Amino acid sequence: MTELEIVDAEGTRDLSGFLWYPTDATGPLTFDFESEVWVGTKVVKDAVPATNRFPLVVLSHGMFGNAYNQAWLASALAQHGFIVAAISHPGTSTWSRDPDQTRQLWERPKDISRVIDHAVGSSEFARHVDPDRIYMAGHSLGGFTAVALAGARYDTAGLKRFCDTQPDELACGILSDWKIAQTPEDRVQMESDLSDLRIKAFAVFDLGGTQSFSETSLRQIDRPVLVFGAPIMNSGLTLDIESRALVAALPESNTHYLEPETLSHFDFLGRCKPGGYELLAKEEPGDEIICSNGGAVRAAKHEMIIERVRRFFSTS
């Protein structure tokens, strides 16, 4: 594992995160990060990469998450021969919530494209990345980001019609509060084609915002998509208008849907340490829900998710 820094030439949207990758080095082992709440994974930091070309997976975190959120998946995929990149999206990450950047939601898919540009072009890892095997996975708002990169187009008018009938739906409130596509200039940006044809397949983890995409554009997505829906509804997302609706709109031949009956939205975050739930309840009341059944129960679900994602990307 090593740090990932991508400088914006205009100086307004630098990206930072991490790369996990195969190496022949066996030590020294350290944890990828230290936390009182989250269980880390042992890695060899800044190790020499193994000599080969590997497929690339780019990860996109959820609303106000960060590049660490799917470290458990990144590390496991690296052990299976993938290079994995994760960045923290400016404006919608744990440490970056500037309202003006949040409003520019079209930049999220562009962030992922910039990571790919860097990985196959200017980075020291370019010679290790197979440009014909690039994949992407996203959780929650990261799932929204993945669908946009697959070719779905934001539909301001369609979303308004939906939200007029269901104004209390979570995505309606969030997108309205963030002032998404509320000016003619922003609407042009949001409704533009944000797809990246270099990405061969997508994994979408309990996304939010399905109703913001035009049904026509969803039907035209022609790359494989693996969708996980989480029926333990503790996030405010409604499966029938999110993951299930997405799967119903996508072409059946390229779509794979999984809805494990005990899966929750927060199972796509890391594993929680003993006492993590109680610590969050004390320090950040309300946030403790992200550690509900977040220990051994979540670890078993991670193993299932890792195996399904690994197989899906390996055969796509």
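Higher on the page you've got the structure.
Residues numbered from 1 in each chain as written. Predicted model: local features only at pLDDT ≥ 70, side-chain atom pairs only at ≥ 80, totals over all residues. Heavy atoms only, no water.

**Q** Looking at this structure, how should I read helix α1 (residues 71–79)?
**A** Two residues of an α-helix separated by three or four positions point the same way, owing to the 3.6 residues in each turn. Counting buried positions along α1 yields eight of nine residues, so the element is predominantly enclosed. Where α1 is buried, its residues meet β2 (15–20), β5 (54–60), β6 (83–87), β8 (199–205) and α11 (296–315). A positive backbone phi angle near 95° is found at G81, which sits one or two residues after α1. (Buried < 20%, exposed > 50% of the residue type's maximum accessible area, 1.4 Å probe, protein only. Helix = DSSP H or I, 4+ residues; strand = E, 2+ residues; numbered from the N terminus. Contact = heavy atoms within 4.5 Å.)

**Q** Can you walk me through the pairing of β2 in this structure?
**A** If a strand is regular, its side chains alternate between the two faces of the sheet. Counting buried residues along β2, five of its six residues qualify, which places the element largely inside the surrounding structure. Summarising the sheet, strand β1 (residues 2–6) and β2 pair through five bridges and their orientation is antiparallel. Looking across to β2, one finds that T2 is bridged to L19. Bridge analysis of β2 against β6 gives four bridges, and the strand direction is antiparallel. Note on β6: the bridge partner recorded for F18 is A86. (Pairing = 2+ DSSP bridges.)

**Q** I would appreciate a short explanation of the nonpolar core in the present structure.
**A** One broad trend across soluble globular proteins is that nonpolar side chains are buried collectively. Judged by nonpolar contacts, the single largest core of 56 residues is most densely connected at L56, V147 and L218. Among the elements that take part in this core, helix α4 (residues 141–150) stands out by supplying seven residues, more than any other. Once residues lying within four places of it in the same chain are set aside, the contact partners of L56 are I83, A85, I116, A119, V129, R133, I134 and Y135. Counting 34 residues, the second largest nonpolar core, distinct from the first, contains A67, V84, L258 and I305. (Core = buried A, V, L, I, M, F, W, Y, C linked by side-chain atoms within 4.5 Å.)

**Q** I keep staring at the pattern of salt bridges and nothing clicks. Help me out?
**A** When their charged atoms lie close together, side chains carrying opposite charge are able to pair. Considering all chains together, one arrives at 15 salt bridges under this definition. Residue D196 is joined to R198 by a salt bridge in which the shortest nitrogen-to-oxygen separation is 2.7 Å. Overall, R198 belongs to the partly exposed group, its relative accessible area being 27%. Here D240 ties to R244 by a salt bridge, and the two come within 2.7 Å at their closest N and O atoms. A relative accessible area of 51% places D240 in the exposed class. Put simply, D100, R103 and D186 are held in one network by salt bridges that share partners. (Salt bridge = Lys/Arg side-chain N within 4 Å of Asp/Glu carboxyl O.)

Just distances and angles here, no functional claims.
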